[in-house]
Every structure is written in C-alpha cells, then in structure tokens.
Amino acid sequence: MLKIAIVGATGIVGQQAIVSLIGHPWFKIEKLVASERSAGKKYIDALKDANGSSRWWCTEELPSDIANMNVEEAASFDATSVDIIFSTMDASAAKELEPKYAKTTPVISTASAFRYEDDTPILVGGVNMDHAALLAVQQKNRGWKGFVSPKSNCTIAGLVVSLKPIQDAFGVRQVIMVSQQAMSGAGRTPGLSAMDMTENIVPYIPGEEPKAESEPQKILGKFTGKTIQNAAFGITATCTRVPVLDGHMVCAFVQTEKKCSPEDVKKVMTEYGRDFAELHLPSSPAHLIDVTDDPFRPQPRVDRDKGGGMTVTVGRIRKDPIMENGIKYVCLAHNTKLGAAKGALQTAEYLVKNYLKLV
Ligand code: NAP
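Residues numbered from 1 in each chain as written. Predicted model: local features only at pLDDT ≥ 70, side-chain atom pairs only at ≥ 80, totals over all residues. Heavy atoms only, no water.

Caption draft 1: Region of the structure containing the overall build of the protein. Helix and strand counts for the protein come out as 14 helices and 14 strands. Taking 359 residues into account, the globule formula puts the C-alpha radius of gyration at 21 Å, and the protein, at 20 Å, falls close to it. For the protein, the spread of C-alpha atoms along the principal axes amounts to about 60 × 50 × 35 Å. For the protein, the proportion of its 359 residues judged to be buried stands at 57%. Carbon and sulfur atoms make up 52% of the accessible area of the protein, which amounts to about 15400 Å² in all. Computed over 41 positive and 40 negative side-chain charges, the inter-centroid distance for the protein is 2 Å. (Helix = DSSP H or I, 4+ residues; strand = E, 2+ residues; numbered from the N terminus. Rg over C-alpha atoms; globule rule 2.2 N^0.38 Å. Buried < 20%, exposed > 50% of the residue type's maximum accessible area, 1.4 Å probe, protein only. Areas by Shrake-Rupley, 256 points an atom, 1.4 Å probe, with all protein chains shown as cover. Lys, Arg positive; Asp, Glu negative; His and termini not counted. Charge placed at Lys NZ, Arg CZ, Asp CG, Glu CD.)

Dropping the structure here:
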C-alpha cells in the first residue's frame, strides 16, 4: 500500500478525501496535516468549532482510527514520510508549501496555486491525461523528485468533460456559461452564512469567473512537448451561489465550428470516455457522462452522486435559436467529489499507474 498524507485534512475537501480513501485498494491514509490551529490535536478534536460542535461534513461515518489520528502541522510536515501528498489546503498556503513538498514527493492538489504555471498541467480524468507528460518538464525545470499536479477549478470540472466530446467531433468556437454553485464550494473557513444563503441567490463569487474563463482552454489545449498550447475558443462566464449543499450546475451555450444537431451532441457525449473507463481506475465511474432526456434533470440532489459522484449529468440538449452553430445544455457535477477530492484521487490513481508506475 502507498502511504498518503492529506494536507488540509480538516476542510471540506480534506474530509471528502478521507471518505474517498477509506478501503482504497492501493492507498492508505498515513498522515493528517493542517494549519497551526489544528496541529497537535486528535483529528476529531481539530474538527470542533469554538463552541465544541463537530464540523465533520460528510454523511459517511468517520472511522475511529482516523478520528484518533494526531494532526501534524503543514509548515513542519516531513514530506518524505509518505509516498504521495493530497494537498487540499487554501491556495495561499499551497503556494508556499507545495513546492517544498514537491522537492521529494508527488503532490496532487485541489488548490489553484500551480494551475497557471507553464510547466504544469491541469489534469481532468478522461479529458487530457496525455498532458501528464508535462510533469516531467516541471520536474526537470525545477529539479524536483516529486511534482505538483493540480485539479481544475470545481465550477468547470463538469463543463470540460462535457465539452471534450463536442470539441473532438465538431470543434468549439466559443462558450457562454452561467453557473449555479453549491455552498460547499466556498469551503468551511469561514464558510457562508445562513443569513446570506437561505432563500437567496448570490450573483457573485469572488475570483471564480477568471478561473472559469481561462482554465478550460488549457485543459482542452494541446501538449506540445514543452508546454500546453491553449485551445483557441473564448469563454464568458457568470458564476452564482445558490442554496444547494453539493453539486455545481452549469448552463452552457456552445458555438461549434461544424454544424451539429442536439442528437449528434447526445451521441458523442453518450459514447465518450469508454477508453478511459477501461483503465479501471478504482475511482473512475463506468460512464463519464450520463445524458438524460428528462427535461427536469439534472438536479443536484438527485443526480450529483451518480457514478460515486464522478459522473457528469447532461440534460436539456437543444439547438440555440440565436447563435450560429449553437447548442445549449445544462450539466451538473459534484463539486467536492469529481470537482475536488475524488477527482484528485482519480488523478493520483492515473499517475501512480501510468506515470510513476508504482502499481
Ligand atoms: P476549507 O474547508 O476552508 O479547508 C481549508 C483547509 O486548509 C483546512 O484543512 C485548513 O486547516 C487548511 N489550511 C488553512 N490555512 C492553512 C495553512 N496556512 N497551512 C496548512 N493548512 C491550512 O476549504 P475547502 O473547500 O476544503 O478547499 C480546500 C482547497 O480546495 C482550496 O484551495 C479550494 O480552493 C480548493 N477547492 C475546493 C472545492 C470545494 O468544492 N470546496 C473544489 C475544488 C477546489 P485548519 O482547519 O487547520 O485551519
């Protein structure tokens, strides 16, 4: 078994990482790591807020052996004590600490700190695994034995999966998107206030739209041998926060290069990802995309856990009436599973098998 550390283990994504790793065939949680605030405490105590109330977020039971583990401090954590690090901490801490860890140890990260570096891929399962070869360039450039492999922003995690088969078959010229994002996407420190979110929609998420408007072009770009050449299409995004616990929904309006019908799009989405599923990675779903004909779907509560939270549900595929070669649809992805912890785990599984060749 490969030894795993989760750095940022007390946060929403860290907790989801713990749940995703329970019973994993290749990986064993060896260390739980967080900030100075949590260091030195038992994990179960580090989860308590100032009133002593537990902030274990997941519906799954926290195993007692994990609950009783001692939390180490990220700043002094010895990266050589594990085989792989899952970094699920804030971006500012990640920017400082991930390069230190990567000197010796592979880091799979849900933070944005490294996403925009020229020598760093943003790997999304089944979409751009050929970009993994860029990690060798990063290791060489920086003299690292390990690497930093970041996940995408959670808002576009489902969108890029849905765009890839469209891009391959018809080309993508431009994308207009409006997101309805779940509250868990804001994390738990400080998290969102019930007064702000109950019976409400907030039309702005600080920092989100620039990520949504730039990451898909890198993810759907071409690996040149030295870097990624971004895909040429443009995206314009409006990101909103809605009173849903988990599951980010995106309404997408896509102008394609070649004309295509809603039936053509449905077909390429339905057939997409079979080769990736055949790798049989432990966290991969049987279907990357589930296309529904029910006009009332996808819905977060009903569809977010499909494929263990790793399947993207696409519905309402229609012709756009005003855009030339325009197609519109709604897609939904679980933001803390596919969009964060479990997506990072799937990346780790891919890299361990195909890049590091450790299993
Ligand atoms: P969160 O609930 O606020 O948790 C933040 C975690 O970072 C906590 O474990 C916290 O530890 C730790 N941390 C904060 N400052 C630190 C420091 N200086 N050194 C070490 N650890 C530190 O946030 P989250 O939602 O889990 O998100 C974690 C990361 O994933 C963020 O970078 C976020 O942008 C990204 N992400 C989140 C989602 C999502 O849906 N939530 C999706 C994709 C990506 P303490 O408890 O000890 O303070």
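The discussion continues.
Caption draft 2: The arrangement of the sheet that holds strand β12 (residues 289–291) in detail. The six strands are arranged β10-β7-β11-β14-β13-β12 in an open sheet whose pairing can be described as mixed. Every other strand in the sheet has two partners, leaving β10 (234–241) and β12 as the edge strands with one partner each. Pairwise comparison of adjacent strand axes, ignoring direction, gives a mean angle of 20° for this sheet. Where strand β7 (residues 172–181) and β10 come together, eight bridges link them in parallel fashion. The residue bridging Gln181 from the neighbouring strand is Arg241, located in β10. Those strands touched by helix α6 (residues 157–170) are β7, β11 (248–256), β12, β13 (312–319) and β14 (326–333), and its axis lies near 145° from that of β14. Here helix α10 (residues 262–271) sits on the sheet and contacts β12, β13 and β14; the angle it forms with β13, its principal contact strand, is near 165°. (Pairing = 2+ DSSP bridges. Axes fitted to C-alpha atoms, helices over the stretch in contact; angles between N-to-C directions. Contact = heavy atoms within 4.5 Å.)

Caption draft 3: Summary view of the site of the ligand. Neighbouring residues of the ligand: 28 residues in total, closest Thr10, Ser35, Arg37, Ser38 and Thr189. Thr10 is positioned with one of its side-chain polar atoms (N or O) 2.5 Å from an oxygen atom of the ligand. For the ligand, an oxygen atom lies 2.8 Å from a polar atom in the backbone of Val13. If the ligand stood free it would expose 900 Å²; the protein chains cover 86% of that surface. Secondary-structure elements contributing two or more residues to the shell around the ligand are α1 (12–21) and α4 (91–102). Here the shell around the ligand gathers at least three residues from each of two domains, domain 1 (2–151 + 341–355) and domain 2 (154–333). (Near = heavy atom within 4 Å. Polar contact = N/O pair within 3.5 Å; in protein donor to acceptor, adjacent residues only side chain to side chain. Domains from an automatic or database assignment.)

Caption draft 4: Up close: the packing of aromatic side chains. Under the criterion given, the structure shown has four aromatic pairs. Where Phe147 meets Tyr355, the ring centres are 5.7 Å apart and the plane angle is 80°; that geometry is what we call edge-to-face. Of the two residues, Phe147 is situated in the loop between α5 (134–142) and β6 (148–150) and Tyr355 in the segment after α14 (341–354); the sequence distance between them amounts to 208 residues. A relative accessible area of 23% means that Tyr355 is categorised as partly exposed. (Phe/Tyr/Trp six-rings, centres within 6.5 Å; stacked < 30°, edge-to-face > 60°.)

Caption draft 5: Summary view of the packing of α6 against α10. Where α6 meets α10, the closest approach of the two axes is 9 Å, and the angle between their N-to-C directions is 115°. With respect to α10, the axis of α6 lies roughly perpendicular. The two elements α6 and α10 meet at a crossing, and its hand is right-handed. Side by side, α6 and α10 meet where Ser162, Pro165, Ile166, Ala169 and Phe170 of the first sit next to Asp264, Val265, Val268 and Met269 of the second. (Parallel < 35°, antiparallel > 145°, perpendicular 65-115°, else oblique. Left-handed = near helix turned anticlockwise from the far one by under 90°.)

Caption draft 6: Geometry of the pairing of strand β4 (residues 84–87). Residues Ile84 and Phe86 line one face of β4 and the alternating positions Ile85 and Ser87 line the opposite face, and both faces are buried. For strand β1 (residues 2–7) and β4, the ladder comprises four bridges, and the chain directions are parallel. Bridged to Ile6 within β4 is Phe86. The handedness of the β4 to strand β5 (residues 107–109) crossover, carried by α4, is right-handed. (Right-handed = clockwise from strand over helix to strand, strands pointing away.)

Take it as geometry only, folks, not as evidence of what the structure does.
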